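Report on the structure
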Amino acid sequence: MVDRLRSAAEQLEAPICPDCHVEMKWFRSELLADEPTPIIAHLFVCPHCKRAAKADTIFRGSQAPPDKLSAPRFISYAA
């Protein structure tokens, strides 16, 4: 989970403070939900006016078909 937090924070672009028009600094990240879809909230703070902002990262699961099935689906015998 720590790897997810780290990679999500690296991909984020810091928001711009609407009052000061400067880039906000990252404050912390926290896991909001793990199941069924992981959601991580990133909190930012303006270094000048101390205004806070939040950005969410939602992970989309990619389901790949299995390479091998554990058993054949249909067994047909020639009669």
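Scroll up a little and you will see the structure.
Before going into details, it helps to say that this report is about the structure given with it. (Residues numbered from 1 in each chain as written. Predicted model: local features only at pLDDT ≥ 70, side-chain atom pairs only at ≥ 80, totals over all residues. Heavy atoms only, no water.)

1. Some thoughts on the overall build of the protein
If you tally the helices and strands in the protein, you get one helix and three strands. Mapped from its N terminus to its C terminus, the protein presents α and β elements in the order α-β-β-β. For the protein, contacts bridging at least 24 residues in sequence account for 37% of all contacts bridging at least 6. Accessible area of the protein: about 6700 Å², with a carbon and sulfur share of 53%. (Helix = DSSP H or I, 4+ residues; strand = E, 2+ residues; numbered from the N terminus. Contact = heavy atoms within 4.5 Å. Areas by Shrake-Rupley, 256 points an atom, 1.4 Å probe, with all protein chains shown as cover.)

2. Comments concerning the nonpolar core
Counting residues in each nonpolar core, the largest one holds five residues, listed as Ala-14, Cys-17, Met-24, Phe-44 and Cys-46. In this structure Cys-17 touches Val-22, Met-24, Cys-46, Cys-49 and Arg-51, once residues within four positions along its chain are discounted. (Core = buried A, V, L, I, M, F, W, Y, C linked by side-chain atoms within 4.5 Å. Buried < 20%, exposed > 50% of the residue type's maximum accessible area, 1.4 Å probe, protein only.)

3. Some details on the sheet that holds strand 3 (residues 52–58)
Sheet strands pair by backbone hydrogen bonding; their relative direction is either parallel or antiparallel. Read from one edge of the open sheet, three strands run 1-2-3, paired in antiparallel fashion. The open sheet has two free edges, formed respectively by strand 1 (25–33) and strand 3, since each of these has just one partner strand. Each strand of the sheet is rotated relative to its neighbour by a mean of 25 degrees, with strand direction disregarded. (Pairing = 2+ DSSP bridges. Axes fitted to C-alpha atoms, helices over the stretch in contact; angles between N-to-C directions.)

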